[in-house]
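Topology and contacts: notes
Here are the chains, one letter per residue:
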Amino acid sequence: MLQFLAEEGAEHNPIFPIWQEMLVGFIAFAILCYVLMKFVFPRMEETFRARVDAIEGGIKRAEEAQAEANRLLEQYKQQLAEARTEAASIRDEARADAQGIREDILTKAREESDRIIAAGREALQTERQTIVRQLRAEIGSLAVDLAGRIVGESLEEEARRRGTVERFLDEIGDGAAGTAGRR
């Protein structure tokens, strides 16, 4: 029998495939089709359906949002028209009352503004002095720390003992006041 198969293989026609190969190829193709139809195609169909639902849902939500926006726009326009009408009537009433009240308000406003300006100047001067004091203390401690780092020793006691920082800041303050006075 082997001899028969060998002879048959030797005389094989290249146009017609061997029937055993055809059988194995058909079985493999059938198994592949079964696996695809049973497992892959249903999953793909679910994915496509989910995508279509998401797209249609997004379009529907967009249409609803557009309708809501149009409704709100009409409501806004109506409220705007009512507000303009009300503003016109209020403006007319205010013009009628304004002439009598105007002089009294201007007098009170001038007195109040003078009082506020004076209080503001006083508060600014006090705040400036406070800030200058705080900055002097902070600059002094920073300068001592920096000098201590540079020198490699603690200079805080020495600076306190001699009042070096205060003298330095006084000199800076006098120089700044002289420069500001020249301007």
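Since the model is a prediction, treat every value here as computed from it, not as a measurement.

**Notes on the overall build of the protein chain**
Scanning the protein chain for helices and strands turns up four helices and zero strands. Each helix and strand of the protein chain, ordered N terminal to C terminal, gives the series α-α-α-α. Looking at the 183 residues of the protein chain, the share that counts as buried comes to 4%. For the protein chain, the exposed area adds up to about 16,500 Å²; of that, 61% sits on carbon and sulfur atoms.

**Focus: helix α2 (residues 19–151)**
With 133 residues, α2 should cover 198 Å at 1.5 Å per step; its first-to-last C-alpha distance of 99 Å lies more than 12% under that length. Among all positions of α2, only Gly57, Gly140, Val144 and Gly148 are buried.

**Looking at the UniProt feature "transmembrane region" (unreviewed entry) in the protein chain**
Using the residue numbers shown here, the UniProt feature "transmembrane region" (unreviewed entry) corresponds to residues 22–41. Taken end to end, residues 22–41 comprises 100% helix and 0% strand; its first and last C-alpha atoms sit 26 Å apart.

**Regarding the UniProt feature "coiled-coil region" (unreviewed entry) in the protein chain**
UniProt's feature table lists "coiled-coil region" (unreviewed entry) at residues 55–93, given in the numbering used throughout. The distance from the first to the last C-alpha atom of residues 55–93 is 56 Å, and the span holds 100% helix and 0% strand.

**Considerations on the confidence of the model for the protein chain**
Mean pLDDT over the protein chain stands at 82; residues scoring 70 or higher make up 82%. Highest mean pLDDT in the protein chain belongs to α2 (89); lowest belongs to helix α1 (residues 2–10) (47). Segment residues 1–7 is flagged for pLDDT under 50; beyond a separation of four residues in sequence, or across chains, it makes zero contacts in the model.

**Remarks on the pattern of salt bridges**
With the rule as written, the count across this model stands at five salt bridges. Glu68 serves as the salt-bridge partner of Arg71, at 2.4 Å between the closest nitrogen and oxygen. Taken as a pair, Arg71 and Glu68 lie in helix α2 at a separation of three residues, close to a single helical turn. We classify Arg71 as partly exposed; its relative accessible area is 45%. Arg115 is the salt-bridge partner of Glu112, the closest N and O atoms lying 2.2 Å from each other. Here Glu112 and its partner Arg115 are both found in helix α2, three residues apart, which amounts to about one turn of the helix.

Cut-offs used in this document
- One numbering rule holds for all chains: residues counted from 1, following each sequence as written.
- Under the rules for a predicted model, residues below a pLDDT of 70 receive no local features and side-chain atom pairs below 80 are neither given nor counted, while totals for whole chains, interfaces and linings still include all residues.
- Only hydrogens and water are removed before side-chain values are computed, so all heavy atoms of the structure are retained for them.
- Secondary structure elements are defined from DSSP: runs of H or I of at least 4 residues count as helices, runs of E of at least 2 residues count as strands, and each element is numbered from the N terminus.
- Buried residues are those whose accessible area, probed at 1.4 Å on protein chains only, stays under 20% of the maximum for their type, while exposed residues exceed 50% and partly exposed ones sit between those limits.
- For the accessible areas, the method is Shrake-Rupley and the probe is 1.4 Å, while residue cover comes only from the protein chains on display.
- The span you would expect from a helix comes to 1.5 Å times its residue count less one.
- UniProt positions are given in the numbering used here, feature names are shortened, and annotations may be inferred rather than shown by experiment.
- pLDDT is a residue-level measure of predictor confidence that goes from 0 to 100.
- Here a residue-residue contact requires only that any non-hydrogen atoms of the pair lie within 4.5 Å.
- Whenever a carboxyl oxygen of Asp or Glu lies within 4 Å of a side-chain nitrogen of Lys or Arg, that contact is scored as a salt bridge.

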